[in-house]
Amino acid sequence: MPAEVRLRPYRVEDATAFDAEEQVPGSFEFFGWRSANTWLRKFATDGMVADERGNLVVDVKGIGAVGDVGWSPVHHGPPPHGFAFNVGIGLFAEHRGRGYGTEAQRLLAEYLFAYSRVERLEASTDVTNIAEQRALTKAGFTREGVLRHAQWRAGAFHDVVLFSRLRGD
Ligand SMILES: CC(C)(COP(=O)(O)OP(=O)(O)OC[C@H]1O[C@@H](n2cnc3c(N)ncnc32)[C@H](O)[C@@H]1OP(=O)(O)O)[C@@H](O)C(=O)NCCC(=O)NCCS
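Below: a short report on this structure. Predicted model only: the values in this text are computed from it and were never measured.

A word on the overall build of the protein. When you go through the protein residue by residue, the secondary structure sums to 4 helices and 7 strands. Its helices and strands taken in sequence order, the protein reads β-α-α-β-β-β-α-β-α-β-β from the N to the C terminus. In summary, the protein has a C-alpha radius of gyration of 16 Å against a globular reference of 15 Å for 169 residues, a match within 12%. Overall size of the protein, expressed as C-alpha extent along the three principal axes, is 40 × 35 × 35 Å. Long-range contacts, defined here as pairs at least 24 residues apart, represent 56% of the contacts in the protein between residues at least 6 apart. Accessible surface computed for the protein: about 9,500 Å², of which carbon and sulfur atoms make up 56%. Taking the 20 positively charged and 22 negatively charged side chains of the protein as two groups, their mean positions are separated by 2 Å.

Shown next, in the form of structure tokens:
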């Protein structure tokens, strides 16, 4: 099944589909309402892939777009070598729990190590988000620890777990 999953650049219809997805207050992805055409505006700016950050569509053979992965720089020291990429993922609700999230994050790591000189990828998720912690572990990431009250969401600060994957892992 994982062989059916690939990452590809956004098309305009993908941005439209992401804008149309129901926003679910209380979920791990909800950080406040976003405007109806957020993704279309981002797509119009740079097609969702720029030099140091980007988003790609998670595409499953026979289904099409099931979600999105993204990356952006995190700086731990001065340039040019003091940076890592933080990676993230969101799958449409109906496509979760089928292994796509694990495979998409494995493919994203493979892609970033092949097409950039980055040494370290980071990913963080709510301490209660077991699906993402399992998916990251299965995608080759290592749990590093808990960042206390790192995220503000739904009226409270939340602890998040930090994972990393190094080029040599
Ligand atoms: C988190 C997410 C990317 C995981 O991808 P997925 O395709 O649903 O997960 P997978 O099918 O690859 O499963 C990965 C593991 O999580 C487990 N899992 C899946 N859904 C779960 C759930 N609701 N509760 C607990 N474990 C779950 C699976 O059983 C599997 O573990 P196992 O191999 O030990 O059985 C996806 O569910 C998602 O997009 N969720 C909403 C957005 C989000 O949370 N993004 C990441 C946080 S920033």
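Here the narrative resumes, following the displayed structure.
A word on the pairing of strand β5 (residues 120-126). Where burial is concerned, most of β5 is hidden: 6 out of the 7 residues are buried. Following the chain from strand β4 (residues 83-91) across helix α3 (residues 100-115) to the adjacent parallel β5, one finds a crossover that is right-handed. With 7 bridges joining them, β5 and strand β7 (residues 156-166) adopt antiparallel strand pairing. The residue bridging Leu-121 from the neighbouring strand is Arg-165, located in β7.

Position of His-95 relative to the elements: it lies in the loop between β4 and α3. Residue classification places His-95 among the buried residues on the basis of a relative accessible area of 12%. Those residues within four positions of His-95 in sequence are excluded, and the remaining contacts are Ile-63, Ala-65, Val-66 and Tyr-100.

The next subject is unusual backbone geometry. Look at the link from Pro-79 to Pro-80: it is a cis peptide, with omega at 5°. Examined against the element boundaries, Pro-80 turns out to sit in the loop between β3 (64-75) and β4. In this model, His-149 sits at a positive phi of 50°, which is unusual for a non-glycine residue. Looking at the secondary structure, you find His-149 in strand β6 (residues 142-153).

For the rest of this paragraph, the subject is the packing of α3 against helix α4 (residues 130-138). Between α3 and α4, the least distance of the axes is 8 Å, while the angle of their chain directions is 45°. In terms of orientation, α3 lies oblique with respect to α4. Seen along the crossing, α3 lies across α4 with a hand that is right-handed. Side by side, α3 and α4 meet where Gly-101, Thr-102 and Gln-105 of the first sit next to Glu-132, Ala-135, Leu-136 and Lys-138 of the second. Partitioning the contact of α3 with α4 into residue classes produces 2 nonpolar, 3 polar and 2 charged.

Conventions adopted
- Here the residue numbering is sequential within each chain, running from 1 through the sequence in written order.
- In keeping with the predicted nature of the model, local features appear solely for residues at pLDDT of at least 70, side-chain atom pairs appear and are counted solely at 80 or more, and the whole-chain, interface and lining totals rest on all residues.
- Working from all heavy atoms in the structure, the side-chain values ignore hydrogens and water.
- A helix here means a DSSP run of H or I that spans at least four residues, while a strand means a run of E at least two residues long, and both kinds are numbered starting from the N terminus.
- For this measure, only C-alpha atoms enter the radius of gyration; the expected value for a globule follows 2.2 Å times N^0.38, where N is the number of residues.
- Residue contacts are counted whenever heavy atoms from the two residues lie within 4.5 Å of one another.
- Note on areas: Shrake-Rupley with a 1.4 Å probe; residue coverage comes only from the protein chains shown.
- Only four residue types enter the charge count, namely Lys and Arg as positive and Asp and Glu as negative; His and the chain termini do not.
- Every charge is mapped onto a representative atom, which is NZ of Lys, CZ of Arg, CG of Asp or CD of Glu.
- Only protein chains enter the accessibility calculation, which uses a 1.4 Å probe. A residue is then buried if its area is under 20% of the maximum for its type, exposed if over 50%, and partly exposed in between.
- A clockwise course of the path from the first strand over the helix to the second, judged with the strands pointing away from the viewer, identifies a crossover as right-handed.
- Two strands form a pair only when DSSP identifies at least two bridges running between them.
- Here an angle of 0 to 180 degrees is reported between the N-to-C directions of two axes, which are lines fitted to C-alpha atoms, with helices fitted over the stretch in contact.
- Angular relationships are summarised with four words: roughly parallel below 35 degrees, roughly antiparallel beyond 145, roughly perpendicular across 65 to 115, and oblique for the angles in between.
- Should the near helix be turned anticlockwise from the far one by less than a right angle, the crossing is left-handed, and should it be turned clockwise, the crossing is right-handed.
- Residue classes follow a fixed rule: Ala, Val, Leu, Ile, Met, Phe, Trp, Tyr, Cys and Pro count as nonpolar, while Asp, Glu, Lys and Arg count as charged, and any other residue, Gly among them, counts as polar.

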